Amino acid sequence: MQTELEKNFLLDFEANQNIAHKVCRIYTTNQDAHNDLFQEIAIQLWKNYSKFRGDAKFSTWMYRVALNTAISLYRKSTRTVKTQDISDVTFKIQSSEYDNTEELQLAALYNAIRSMNDIDKALIFLYLEDKPYKEIAETLGITEVNARVKMNRAKDKLKKILKP
Amino acid sequence: MDLSQYKKAWENQPDEKNKISALDIYKMTQAKSTSIVKWILIIGLLEFAFWIIINHFTSGIEYNKVYEELNLTYFFKYSYYLSYIIVVIFLFLFYKNYTSISTTDSTKTLMRKIIKVRRTVKFYVYFNISISIAAIILLNILIVNTPNGIETLLGIDQSNTDSSNMITIYVASQIIGAIMMILILLLFYYLLYGLLLKKLNKNYKELTKLEELN
């Protein structure tokens, strides 16, 4: 028997679960670790859901909790950078007619992000998700000016990794 | 080089293939968290239980009769009580740290709190090691100051002379014993907490980088 709160939570989470999956993809390198982190994010979200007032969008709140869990509370340290699992971000089968540039770019992007440190990962992730600087600053707990500076540095690092 | 083409690729990425159903999400939320701070609390509690059991089983041992003869029973009793009180205080601090940490804080606030956890654990380890050293020193002062203390402790016939040689051996073995005990304690704590705190340490360094400009 589920309570009203549980039902709302499950609806919210199910609709936004892609956010958690993307966070898991950039912070872990294999499926087991992905599932573990996903579960920890689910636990953290549920644990704090009763305090979530709904004055912010659920997805906004979810970005914060998911990133914090990945950065600070996730216990297993199977996060060494490896290229072996890159195939899991190659979604479509290669064919001669199909233009796979975007697919290769995505794979390269994931690989590059995975090699960055936890904070830079978060910054780049929020940039790719098109979050405004105000929200990025609030999520990370830094000033907006600082967020801009840090973001530019993180982007420079990313560019270097993508095109050395 | 422009990142916008990569950003476009990111935006066009398909949704996760293995969608988790609401039922599975529900099952997940019923599982226990495995966060680092929780583990520090659990290990602290287990360690506390471990020492209580050790003390409980060693208190009845024959050897303690020697301490009785040396009038050291109270010394042991009160030092145990004192260390229990202090360990309970630390466990309370671990628990408070555990409850104050929330993923809904901003990343920086969250990390600050985690650094506090790290500091508490560090203090706890230093405290336990220094109290062991203090106990060894105090115990030896008491034994040396008791007439025929060393002889009684070692169970040697007091009429047997050549006691200066024996005292040298005694002091040397005490020092070696103390060093070994401290090394074992350090290893014990490294295995228990050091490995758990490794990741926190790494994030701490990243936090200081984040604060550089503030």
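Our structure is the block above this text.
Asks: Is there a simple way to explain the overall build of chain B in this structure?
Replies: Assigned secondary structure in chain B consists of 8 helices and 0 strands. Evaluated residue by residue, chain B yields a buried proportion of 13% over its 214 residues. Partitioning the contacts of chain B with sequence separation of at least 6, the portion at a separation of at least 24 is 76%.

Asks: Is there a simple way to think about the overall build of chain A in this case?
Replies: When you go through chain A residue by residue, the secondary structure sums to 7 helices and 0 strands. Along chain A, helices (α) and strands (β) appear in the sequence α-α-α-α-α-α-α when read from the amino end. Within chain A, the fraction of its 164 residues that count as buried is 41%. For chain A, restricting intrachain contacts to residue pairs at least 6 apart in sequence, the fraction spanning at least 24 positions comes to 64%.

Asks: Is there a simple way to explain the nonpolar core in this structure?
Replies: Within soluble globular proteins, side chains that are nonpolar tend to cluster in buried spots. Core analysis: the largest hydrophobic core is formed by 48 residues, its most contacted members being Val23, Ile41, Ala42, Leu45, Ala66 and Ala122 of chain A. Elements that contribute at least two residues to this core include exactly α1 (4-27), α2 (31-49), α3 (58-73), α4 (101-114), α5 (118-128), α6 (133-140) and α7 (144-162) of chain A together with α1 (4-11) of chain B. Ranked by size, the runner-up nonpolar core spans 12 residues in total, among them Val37, Ile101, Ile114 and Tyr193 of chain B.

Asks: Please clarify how the interface of chain B and chain A should be interpreted in this entry.
Replies: The parts lose accessible area when they come together, and the size of an interface is often stated as this lost area. Opposite the 41 residues of chain B that make contact, chain A presents 46 residues. Residue assignment for the side of chain B that touches chain A shows that the elements contributing at least two residues are α1, α2 (22-29), α3 (36-58), α6 (107-145) and α8 (163-211) of chain B. Ranked by residue count, the leading element in the side of chain B that touches chain A is α6 of chain B, at 6 residues. Grouping the constituent residues of the side of chain B that touches chain A by class yields 19 nonpolar, 15 polar and 7 charged.

Asks: Help me understand the environment of isoleucine 115 of chain B, please; the structure alone is not making it clear to me.
Replies: Within the secondary structure layout, isoleucine 115 of chain B lies in helix α6. Along the chain, isoleucine 115 of chain B and leucine 197 of chain B lie 82 residues apart, while their C-alpha atoms are 9.8 Å from each other.

Asks: Which parts of the structure should I look at to understand the packing of α4 of chain A against α1 of chain B?
Replies: Angle between the axes and distance between the axes are the two parameters that describe a pair of packed helices. Packing of α4 of chain A against α1 of chain B leaves a shortest axis separation of 9 Å and a crossing angle of 95 degrees. If you check the angle between α4 of chain A and α1 of chain B, you find them roughly perpendicular. Contact residues: α4 of chain A offers Glu102, Gln105, Leu106 and Leu109 of chain A, while α1 of chain B offers Gln5, Tyr6, Ala9 and Trp10 of chain B.

Asks: When you look at the environment of alanine 56 of chain A in this model, what are you seeing that I'm missing?
Replies: Residues and elements named next belong to chain A. Counting through the fold element by element, alanine 56 comes out in the loop between α2 and α3. Assessed through the 13 C-beta atoms surrounding it within 10 Å, alanine 56 is described here as partly exposed. Taking the C-alpha atoms as reference points, alanine 56 and alanine 20, 36 residues apart in sequence, are found 18 Å from one another.

Quick notes on the rules
Residues numbered from 1 in each chain as written. Chains lettered and ligands numbered in written order. Predicted model: local features only at pLDDT ≥ 70, side-chain atom pairs only at ≥ 80, totals over all residues. Helix = DSSP H or I, 4+ residues; strand = E, 2+ residues; numbered from the N terminus. Buried ≥ 20, exposed ≤ 12 C-beta atoms within 10 Å, placed from the backbone. Contact = placed C-beta atoms within 7 Å. Core = buried A, V, L, I, M, F, W, Y, C linked by C-beta atoms within 7 Å. Nonpolar A, V, L, I, M, F, W, Y, C, P; charged D, E, K, R; others polar. Axes fitted to C-alpha atoms, helices over the stretch in contact; angles between N-to-C directions. Parallel < 35°, antiparallel > 145°, perpendicular 65-115°, else oblique.

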